[in-house]
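# Descriptive structure summary
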Amino acid sequence: MTIAEKQWQAVCEQSALEEGLGHSVLLQGEVIALFCCGGHIYALDGMDPVAAAPVIALGLVGDCQGEPMVASPIYKQRYSLRDGRCLDNPALKLRPWRVRVDDELVWLAPPHIV
């Protein structure tokens, strides 16, 4: 097992994720928001960068001109589920986590782990 593979951690069963709804998990002391959207699973930091509250998983999931996104439930900024960039304010971003599914388990790793 490589060092990178050791960084992956199972966080939930795939069946725990519902299409279009967020799910929060705590990993390495950080809140991560998971989303199942269009058959893909996305993971972003769960802390709203404006409100400084762990609420991103409670946001509304949708589509903005073909871009899957989540809108913060507090101040309504929209973030890309693909890469975490804010669609309303280029100064804001949510860090995307790497996702893989193996044997019905959802695994996450920080984005800097190859």
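Rules and cut-offs
- Residues numbered from 1 in each chain as written.
- Predicted model: local features only at pLDDT ≥ 70, side-chain atom pairs only at ≥ 80, totals over all residues.
- Heavy atoms only, no water.
- Pairing = 2+ DSSP bridges.
- Helix = DSSP H or I, 4+ residues; strand = E, 2+ residues; numbered from the N terminus.
- Axes fitted to C-alpha atoms, helices over the stretch in contact; angles between N-to-C directions.
- Phe/Tyr/Trp six-rings, centres within 6.5 Å; stacked < 30°, edge-to-face > 60°.
- Lys NZ or Arg CZ within 6 Å of the ring centre and 35° of its normal.
- Patch = residues over 30% accessible without salt bridge, like charges linked within 9 Å, V, L, I, M, F, W, Y side chains within 5 Å.
- Areas by Shrake-Rupley, 256 points an atom, 1.4 Å probe, with all protein chains shown as cover.
- Salt bridge = Lys/Arg side-chain N within 4 Å of Asp/Glu carboxyl O.
- Buried < 20%, exposed > 50% of the residue type's maximum accessible area, 1.4 Å probe, protein only.
- Polar contact = N/O pair within 3.5 Å; in protein donor to acceptor, adjacent residues only side chain to side chain.
- Contact = heavy atoms within 4.5 Å.

## Observations concerning the sheet that holds strand E9 (residues 105-109)
Read from one edge to the other, the open sheet built from three strands follows the order E1-E9-E8, with strand pairing classed as antiparallel. Two strands lie at the open edges of the sheet, namely strand E1 (9-13) and strand E8 (98-102), each paired on one side alone. Adjacent strand axes in the sheet meet at a mean angle of 30 degrees when their direction is disregarded. As paired strands, E1 and E9 are joined by four bridges and run antiparallel to one another. The residue of E9 that forms the bridge with glutamine 9 is leucine 108.

## Concerning the packing of aromatic side chains
Tallied over the entire structure, the rule returns zero aromatic pairs. When the ring centre of tryptophan 8 is taken as origin, the NZ or CZ atom of arginine 100, which lies over that ring, is 4.7 Å away. Across from the ring centre of tryptophan 107, 5.2 Å away, lies the NZ or CZ of arginine 100, which sits over that ring.

## Some details on a nonpolar patch on the surface
The grouping of Val50, Ile74 and Tyr75 at the surface amounts to a nonpolar patch, some 270 Å² of accessible area in total. Residue position: isoleucine 74 is located in the loop between strand E6 (67-71) and strand E7 (78-80). Using a relative accessible area of 38% as the deciding quantity, one classes isoleucine 74 as partly exposed.

## Digging into the sheet that holds E7
Spatial strand order, E5-E6-E7: three strands in an open sheet with antiparallel pairing. The open sheet terminates on both sides in strands that have one partner only, identified here as strand E5 (60-64) and E7. Strand after strand, the sheet turns through a mean of 40 degrees between neighbouring axes, direction not considered. Direction of pairing for E6 relative to E7: antiparallel, over a ladder of three bridges. Bridging across to E7, methionine 69 finds its partner in serine 80.

## Some remarks on the side chain of serine 80
Secondary-structure assignment places serine 80 in strand E7. Only 3.1 Å separates the side chain of serine 80 from the backbone nitrogen of arginine 82, close enough to count as a polar contact. Leaving out residues up to four positions away in the same chain, serine 80 has contacts with Leu44, Glu67, Pro68, Met69, Arg85 and Leu87.

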